[in-house]
Each structure stands twice: as structure tokens, then as C-alpha cells.
Amino acid sequence: VMRYHSLVATSVPSSLTVTARDAAGQPMALRDPRALIEGDYGPVALRLDGGGYLPDGFKARLAAVAPQLRVAGCRAGGVTLYGQVETANRRPGFAGPMRFASVACPDASLTLGRGTAVLDAIADSDLAGGRGEFDLTAARAVLPGGQAAALAGRGTATYRGGDVDSRFSLQGRAVQAGGMRLANA
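Residues numbered from 1 in each chain as written. Predicted model: local features only at pLDDT ≥ 70, side-chain atom pairs only at ≥ 80, totals over all residues. Heavy atoms only, no water.

Visitor: I'm lost on unusual backbone geometry in this one. Help?
Guide: Where the residue is not glycine, phi is negative for most of them; where a peptide bond is considered, it is trans in most cases. Non-glycine residue Asn89 carries a positive phi angle of around 55 degrees. Relative to the elements of secondary structure, Asn89 occurs in the loop between β8 (74–88) and β9 (91–100). Phi is positive for Arg90, which is not a glycine, with a value near 65 degrees. As for its placement among the helices and strands, Arg90 is situated in the loop between β8 and β9. Accessibility expressed as a relative area gives 55% for Arg90, which makes it exposed. (Helix = DSSP H or I, 4+ residues; strand = E, 2+ residues; numbered from the N terminus. Buried < 20%, exposed > 50% of the residue type's maximum accessible area, 1.4 Å probe, protein only.)

Next up, the structure:
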């Protein structure tokens, strides 16, 4: 259903809920908790359940699925995201897990196998920056100069003025580096 001046469609699919009608009973507003966004980073399907005052006090559960995302020279496949979205003082935040089947960053010589990053992040009110913490696990990791059968760790990241400042601590299992295989502790 869409209404724009004199354009009216009155057939409403069962997946949509009419939330407002005009005096004649014509649908004026709809609710659809699903969305598919085709953007610069790839297609993303979203579902958002919740509500509130958007600048301060909005709370919702977010579920997102993307077959493939492309960001900053990296490609992530089989991405899912599920967690809590909240706003406070015009600053949006997210907390929850992001799962992926693979990540490849050819420019950084980095690949990760199936893994999870548990995120807790908050953006600035103008969305120009933000900060976050993460816990990461990945099945296989190939990094410059080495590889590991598994990778786990945690860290923090801040984005300001186009720059990312990140601090992290990672542990690997069955690590190979410089032609040497390091024993598991």
C-alpha cells in the first residue's frame, strides 16, 4: 500500500499490518518488520522488533542476514547479526553476536574461517565515529607471516576522523609462522 496525493493502493498483503486509516477507511500507514536493503556493501535482509523515541530511548531486537558484504577492501560471507539496538542521548548502540562463514581482506593478506565476533558498540550522535569492544573466535586464520588452526581473543576499536585505533589480544592454536610450527600450550 502506498499513498502519495491521489495515488492509493488498497490491497494489503497479510505480511503487513495497517496501523492507520483515513476517514474513508483507506490504509494510510503500514507496519512491516522485514526489510531488504541493496546498498554499496551488498544486500542485507533486516528485521527490527521494538520501538521508542528514536533519539533517546529506542530499544529493539535486530536480526540481519547478508550472503556477502564488501567493506574497505574486505569481503565477508554468510554474515548474520542478532542483538539489541538502543539509543541514548542521540547515540545509537548495538550489543550482540555477528557470525560469519568467512572473511577475506586481500590487501591485508588476512583470511578467517567460520567465526563469531560478539560486539558491544556505540556510535557518536552524528554517526561520524564511535567505539566498541569485541570478543572474536575463528576456525582458521591466515595472517601475514603465519597461520593458525583457530584464533580467539578480545579487543577494542575507536573510529574518529577516518582513522581506526584498535587494541587487541589474540591467541592461536596450531600456529605456524616463519616455517616453524609452534606447540600448543
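So that's the structure; there's more coming.
Visitor: How should the pattern of salt bridges be read in this particular structure?
Guide: As a working rule, side chains carrying opposite charge can pair if their charged atoms are close by. One pass over the structure, following the stated rule, counts five salt bridges. Between Asp49 and Arg47 there is a salt bridge; the shortest N-O distance is 3.0 Å. For Arg47, a relative accessible area of 39% puts it in the partly exposed group. (Salt bridge = Lys/Arg side-chain N within 4 Å of Asp/Glu carboxyl O.)

Visitor: Would you take a moment to explain the side chain of Thr87 for this structure?
Guide: Along the chain, Thr87 falls in strand β8. The exposure class of Thr87 is buried, given its relative accessible area of 11%. A polar atom in the side chain of Thr87 sits 2.7 Å from the backbone oxygen of Leu54. Among all residues touching Thr87, those that are not within four sequence positions of it are Tyr53, Leu54, Pro55, Asp56, Gly57, Phe58 and Pro92. (Polar contact = N/O pair within 3.5 Å; in protein donor to acceptor, adjacent residues only side chain to side chain. Contact = heavy atoms within 4.5 Å.)

Visitor: What am I meant to see in the state of the cysteines here?
Guide: Every disulfide links exactly two cysteines, by a covalent bond between their sulfur atoms. Using the criterion set out here, one finds one disulfide in the structure. Covalent S-S linkage joins Cys74 and Cys105, the inter-sulfur distance amounting to 2.1 Å. Around the S-S axis, the bridge from Cys74 to Cys105 shows a dihedral of about 115 degrees and counts as right-handed. Of the two residues, Cys74 sits in strand β8 while Cys105 sits in strand β10 (residues 102–105), which places them 31 residues apart along the sequence. Residue classification places Cys105 among the buried residues on the basis of a relative accessible area of 8%. (Disulfide = S-S within 2.5 Å.)

None of the figures reported here should be taken as evidence of function without further support.
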